[in-house]
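Chains, contacts and geometry: an overview
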Amino acid sequence: MEFQHELIIPDEGMPFKLFLFEGAGGNYVREKHWHTSVEIFAVLEGSLLFFLNEVKYPLAAGELIIINSNEIHSIHAPEKNKTVVLQIPLRQFEDYYTAQRFIRFSTAGKGQSATLWKLLKKMYETYLEKGSGYEFRVRSFFYEILYQLVNIYRVDEAKEKEIRHSRHLDTLSKITTYMREHYQEDIKLSGVASVFGYSTEYLSRMFHKYAKVNFKTYLQDIRMAYAYRELMNTDATISEIAIKHGFCTSRSFSKEFQKRYKTPPSQARKKRAAENKNVKKVP
């Protein structure tokens, strides 16, 4: 089972994560992975090729695909493209679960895909422009998308095999959710294993099998993701960010940051500030 669990953290102050697909330059492959969030890809320009549970789904400009929670998928971008990605935490749909605490969406045979595609496009454009009160407008698009999903794209019946498969991956999802909630603390493999009633050895094997990384690396991934977001969006000092997000010292944070992003955190912050300044100058 060669697939990885992807860590998804919503944008600051928003109940979702919205961004352009990282394979915009073409000649790109995102290997098999899964996550608990629902994910929508809307291709604005170019094309993408999805492999969803081993089935091929080609997407052209003007088309979209919905990736369900715990659905194993890979993405091929043979050519340049511009694709908006919206990731929605599963808890947004809690009031619409089936009796088995399960929910699925499908675009198959749905004639309203063009409407959903346009909503995503407008949502991203508004999010990018960041005009006065844009947060309200972006959220209005987001909740309209949720309305469309539960009323048009929701699948009422799911196969028992599909439910069992999803629950199989839910075990690790619950553990990683706990880690995200407590990552600022001094948590250890043995402590987390105890919380969930597993032995340290069993939990260690679980991470290697399904997340394809060890517990310590995954914990560092969580800490770095939150630290990176704060670094890029606040004026907090590097030392403050490091300690707040579970790093022992600013030096250990800077070393890990350099390793992952090939640049010191101070330089990454200056680059982002310059990019934001240039965006504001565009009429």
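These lines cover the structure that appears in this document, whether it is placed above or below. (Residues numbered from 1 in each chain as written. Predicted model: local features only at pLDDT ≥ 70, side-chain atom pairs only at ≥ 80, totals over all residues. Heavy atoms only, no water.)

1. Observations regarding the overall build of the chain
Scanning the chain from N- to C-terminus turns up nine helices and nine strands. For the chain, the share of sequence-separated contacts (at least 6 apart) that also reach a separation of at least 24 residues comes to 73%. Carbon and sulfur atoms provide 50% of the accessible area of the chain, an area that totals close to 15600 Å². (Helix = DSSP H or I, 4+ residues; strand = E, 2+ residues; numbered from the N terminus. Contact = heavy atoms within 4.5 Å. Areas by Shrake-Rupley, 256 points an atom, 1.4 Å probe, with all protein chains shown as cover.)

2. Considering unusual backbone geometry
Glycine aside, the phi torsion of most residues is negative, and most peptide linkages are trans. You will see that Asn27, though not glycine, has its phi angle at about 50°, which is positive. Its location among the elements puts Asn27 in the loop between β2 (17-20) and β3 (28-34). Owing to a relative accessible area of 75%, Asn27 belongs among the exposed residues under this scheme. Its identity as a non-glycine residue notwithstanding, Lys130 has a phi of 50°, on the positive side. The residue Lys130 is located in the loop between α1 (113-129) and α2 (134-153) in this model. (Buried < 20%, exposed > 50% of the residue type's maximum accessible area, 1.4 Å probe, protein only.)

3. Concerning α1
End to end, α1 covers 25 Å across 17 residues, agreeing with the expected 24 Å (1.5 Å per residue, within 8%). For α1, every residue scored as buried is listed here: Ser113, Leu116, Trp117, Leu119, Leu120, Met123, Tyr124, Thr126 and Tyr127. Immediately beyond the C-terminal end of α1, within one or two residues, lies Lys130, with a positive phi of roughly 50°. (Expected span 1.5 Å × (residues − 1).)

4. Let's talk about the sheet that holds strand β7 (residues 64-67)
To summarise the sheet geometry, strands pair through backbone hydrogen bonds and adopt either a parallel or an antiparallel arrangement. Here we have four strands laid out as an open sheet, ordered β2-β9-β4-β7, and antiparallel in their pairing. The open sheet has two edge strands with one neighbour each: β2 and β7. Averaged over all pairs of adjacent strands, the angle between their axes in this sheet comes to 15°, without regard to strand direction. Of the strand pairs in this sheet, strand β4 (residues 38-45) and strand β9 (residues 82-88) are connected by seven bridges, and their pairing is antiparallel. When the bridges of β9 are listed, Glu45 appears paired with Lys82. (Pairing = 2+ DSSP bridges. Axes fitted to C-alpha atoms, helices over the stretch in contact; angles between N-to-C directions.)

5. Points about the nonpolar core
Grouped together as the largest cluster of nonpolar side chains are 32 residues, with contacts concentrated most on Phe93 and Leu149. Elements represented by at least two residues in this core include exactly β4, β7, β9, α1 and α2. Sorting elements by how many residues they give to this core places α2 first, with nine residues. Residue contacts for Leu149: discarding those within four places in its chain leaves Ile40, Ile66, Ile88, Phe93, Phe105, Leu116 and Arg154. (Core = buried A, V, L, I, M, F, W, Y, C linked by side-chain atoms within 4.5 Å.)

Everything listed is a geometric property; what it means functionally is a separate question.
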